[in-house]
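Report on the structure
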There are 2 protein chains.
Amino acid sequence: MPHAQPTSKPPIAQPALFEDERAGAIYRTAAAMIRRRGFAQTSMAEIADAVELTKPGLYYYVKGKQELLFSIMRYAMDLLDAEVLAKAQPVADPEARLRTIVGQHARLLMRDEHGALGILIDEVEGLTGAQKEEIIARKRRYFELVRDTIGALRRQRGLVGIDLTAAAFSVLGMIMWLSRWYAPDGPVAGDEIAKDITEIALAGVLADRPPLRSVPAE
Amino acid sequence: MPHAQPTSKPPIAQPALFEDERAGAIYRTAAAMIRRRGFAQTSMAEIADAVELTKPGLYYYVKGKQELLFSIMRYAMDLLDAEVLAKAQPVADPEARLRTIVGQHARLLMRDEHGALGILIDEVEGLTGAQKEEIIARKRRYFELVRDTIGALRRQRGLVGIDLTAAAFSVLGMIMWLSRWYAPDGPVAGDEIAKDITEIALAGVLADRPPLRSVPAE
């Protein structure tokens, strides 16, 4: 396995909701701070300091702390939609579709240096009811794509007997865990890791149940 | 797949460090509060209230908030050692050992109603340097058991080409994700989920790389 780093990283697409670069910089800096310290422990004053604005200057860009959290989560869901859902949904073959989901999602997480995608997981309780509903509905749509793809793949191969919800969360857990352990300066290149995780997820969801029979040698 | 709940849950073993039941109750209540709200947002006064003690009464049992966090993490590591490591280490066959690891760890997480094992993941930054070192060293010991077991299994089957660190974190991510989605009152029994995840993890780490060849039908 090559241990060299990829020579360049694809840039993170700027989502449409960042109308100007100052707003984008605020969201990214805030995401990194919230990811590191938690939403409750990060004040608007500290975010203003970090982006070199006065507090009133910061409020020109964002209406408040909760609104800022919601903007970051929308940004993360926009990235997931653009980089994973939009690329996977048109793929007809379920194996190829699952490969696209796992590979794209893993690569997206590995270049999420500001941690916006991590906030999507950990900070949903900081939202208002309506905001939470929107984010949860978008997450559910993605979950259902993963589960339905695994279901189609297993039906195609004539496999039965594994709970599809457990299989879908297993694949998602495998991918999401990347944000806890992947180090961009580690010994294995991100692209190699994405390929490995794709093979592990594919082989995993094709598991037989009851337990794999040991076929006696003839 | 049966959708009935198991009729009884095995009780969580009381670790030796809970000398009396009052201390145990404090740790469990505090674990649940910290898990729900985060370490920084949970005060000793609130914990005292929740366990019906005065604040000085609480300090009779625990020296301080950081000491309490460390006690909860030690308790979680003791559970992991007793329920997973101690049961897996004596198993010579790597497939059987990996089945023991995944099945035991998944079952332990699913009955961790107070969330002590979740704190192990999320709150390590709240510890002092020496405390952090102890917890990290114990976690690393467990990680190495998982990675070495996968390595032994793949060598036994003559498989090459997947990074063992990526494979080990994939299996751990799959298991740890359970604490985010498993609901004790959900439609599938915990034991069935543990069995499914064991099969998915086993099949996953036996993945071939380069991509699984599609064998043409004869």
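You'll find the structure just up there.
Now for a look at the structure at hand. Nothing here was measured: the structure is a model prediction, and the numbers come from that model.

Reading the values: rules and limits
- Residues numbered from 1 in each chain as written.
- Chains lettered and ligands numbered in written order.
- Predicted model: local features only at pLDDT ≥ 70, side-chain atom pairs only at ≥ 80, totals over all residues.
- Heavy atoms only, no water.
- Salt bridge = Lys/Arg side-chain N within 4 Å of Asp/Glu carboxyl O.
- Helix = DSSP H or I, 4+ residues; strand = E, 2+ residues; numbered from the N terminus.
- Buried < 20%, exposed > 50% of the residue type's maximum accessible area, 1.4 Å probe, protein only.
- Contact = heavy atoms within 4.5 Å.
- Buried area = accessible area lost by both parts, 1.4 Å probe.
- Polar contact = N/O pair within 3.5 Å; in protein donor to acceptor, adjacent residues only side chain to side chain.
- Axes fitted to C-alpha atoms, helices over the stretch in contact; angles between N-to-C directions.
- Parallel < 35°, antiparallel > 145°, perpendicular 65-115°, else oblique.
- Left-handed = near helix turned anticlockwise from the far one by under 90°.
- Nonpolar A, V, L, I, M, F, W, Y, C, P; charged D, E, K, R; others polar.

**A closer look at the pattern of salt bridges**
Close approach of charged atoms allows side chains with opposite charge to pair. Residues and elements named next belong to chain A. Overall, the coordinates contain 25 salt bridges over all chains when judged by the stated rule. For Glu-134, the salt bridge identified is with Arg-74, shortest N-O distance 2.9 Å. Here Glu-134, found in helix α7 (residues 129-156), pairs with Arg-74, found in helix α4 (residues 65-88); they are 60 residues apart in sequence, far enough to count as distant. Classification of Glu-134 as partly exposed rests on a relative accessible area of 26%. Linking Arg-157 and Glu-95 is a salt bridge whose minimum nitrogen-to-oxygen distance equals 2.5 Å. Of this pair, Arg-157 sits in the loop between α7 and α8 (164-176) while Glu-95 sits in helix α5 (residues 94-110), and the two are 62 residues apart along the sequence.

**A look at the interface of chain A and chain B**
With 37 residues of chain A at the contact, the number on the chain B side is 37 residues. Between chain A and chain B, roughly 3,200 Å² of surface is buried when both sides are summed, and carbon and sulfur atoms account for 69% of that area. On the chain A side of the contact with chain B, Trp-177, Ile-200 and Arg-209 of chain A bury the most area, a combined 20% of that side's loss. Connecting chain A to chain B are 0 salt bridges. Taken together, the links from chain A to chain B amount to 2 residue pairs in polar contact (both at pLDDT 80 or more). Secondary structure elements with two or more residues in the side of chain A that touches chain B: α6 (116-122), α8, α9 (178-181) and α10 (190-205) of chain A.

**Side note on the packing of α8 of chain A against helix α8 (residues 164-176) of chain B**
At a minimum axis distance of 7 Å, the contact between α8 of chain A and α8 of chain B shows a crossing angle of 125 degrees. The angle between the axes of α8 of chain A and α8 of chain B places the two elements in the oblique class. Crossing of α8 of chain A over α8 of chain B shows right-handed handedness. Between α8 of chain A, through Ser-170, Gly-173 and Met-174 of chain A, and α8 of chain B, the contact on the second element is made entirely by Ser-170, Gly-173 and Met-174 of chain B. Looking at the contact of α8 of chain A with α8 of chain B, its residues break down into 2 nonpolar, 4 polar and no charged.

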